[in-house]
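These are the residues of each chain, in order.
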Amino acid sequence: MLMRLLSHWLILTFGLFLITSIKFLGISADSTKDLFLAALVLIVANTIIKPLLILFTLPLVLLTLGLFLLIINAIILDWIPYFVSGFHVHGFISAFFGSLLLSLITGFFTGYERRHSVRRTNVAPRSDKVIDI
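Notes on the structure in this doc start here.

Calculation criteria
- Residues numbered from 1 in each chain as written.
- Predicted model: local features only at pLDDT ≥ 70, side-chain atom pairs only at ≥ 80, totals over all residues.
- Heavy atoms only, no water.
- Helix = DSSP H or I, 4+ residues; strand = E, 2+ residues; numbered from the N terminus.
- Buried < 20%, exposed > 50% of the residue type's maximum accessible area, 1.4 Å probe, protein only.
- Contact = heavy atoms within 4.5 Å.
- Core = buried A, V, L, I, M, F, W, Y, C linked by side-chain atoms within 4.5 Å.
- Phe/Tyr/Trp six-rings, centres within 6.5 Å; stacked < 30°, edge-to-face > 60°.
- Axes fitted to C-alpha atoms, helices over the stretch in contact; angles between N-to-C directions.
- Parallel < 35°, antiparallel > 145°, perpendicular 65-115°, else oblique.
- Left-handed = near helix turned anticlockwise from the far one by under 90°.
- Nonpolar A, V, L, I, M, F, W, Y, C, P; charged D, E, K, R; others polar.

Right, let's get into the overall build of the protein. Counting its secondary structure elements, the protein contains 5 helices and 2 strands. The N-to-C order of helical and strand elements in the protein reads α-β-α-α-α-β-α. Expressed as a percentage of the 133 residues in the protein, the buried residues total 31%. Contacts in the protein between residues at least 24 apart in sequence constitute 64% of all its contacts with a sequence separation of at least 6.

What follows is the structure in structure tokens.
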């Protein structure tokens, strides 16, 4: 569980690094320390605040067939500079497109991680005393 959290944190930090590298988005960070802190705040916000926002806006989420979740992601990304002083988001439109790209980047790398993980199972030897009908 700790390794999964650490890998998710690194993937999110890498995604934030890529997003801050795109200058026309209007999202920037002063240092890599701020990127790591912003990723940590984003993990906490996605764990605690995002389910509450989804619950409060459930009619809108259902009415838009889940597209309102993009707005919720943008709101959370727009709130990060209030917690991390070295992370800057210049406007809601920047937060919207940044959260869209961040979702694509983290989804790609998380999916890649899941496809390449090895799962071990203990298979008990079959007993010949079982009669299948």
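More follows now that the structure is in view.
Turning our attention to the nonpolar core. Residues Leu16, Ile80 and Phe87 are the most contacted members of the largest nonpolar core, which totals 25 residues. Within the residue set of this core, elements represented by two or more residues are α1 (2-21), α2 (32-56), α4 (68-79), β2 (87-89) and α5 (92-115). Element by element, the count of residues in this core is highest for α2, at 7 residues. Apart from the residues lying within four places of it in its own chain, the contact partners of Leu16 are Leu35, Ala38, Ala39, Leu77, Phe87 and Leu102.

Let us look at the side chain of Ser94. Tracing the backbone through its elements, the reader meets Ser94 in helix α5. Using a relative accessible area of 11% as the deciding quantity, one classes Ser94 as buried. Those residues in contact with Ser94 that sit more than four places away from it in its chain are Leu25, Gly26, Ile27 and Val89.

Taken as a whole and assessed by the stated rule, the structure comprises 4 aromatic pairs. With a centroid separation of 5.4 Å and 75 degrees between ring planes, the pair formed by Phe96 and Phe97 is classed as edge-to-face. By relative accessible area, which is 42% here, Phe97 ends up partly exposed. Note on Phe108 and Phe109: the rings are 5.3 Å apart at their centroids and 75 degrees apart in plane angle, and the pair reads as edge-to-face. Each residue in the set Phe14, Phe108 and Phe109 is aromatic and connected to the rest through ring pairs, giving one cluster.

Before going further, it helps to spend a moment on the packing of α2 against α4. In the contact formed by α2 and α4, the axes pass within 10 Å of each other and the chain directions differ by 135 degrees. Comparing their axes, α4 and α2 come out oblique. Every pair of crossing elements has a handedness; the one defined by α2 and α4 is right-handed. Counting all contacts with α2, which are made through Leu42, Ala45, Asn46, Ile49, Lys50, Leu53 and Ile54, the residues of α4 involved are Leu69, Ile72, Asn73, Ile76 and Trp79. In terms of residue class, the contact of α2 with α4 is made up of 9 nonpolar, 2 polar and 1 charged.

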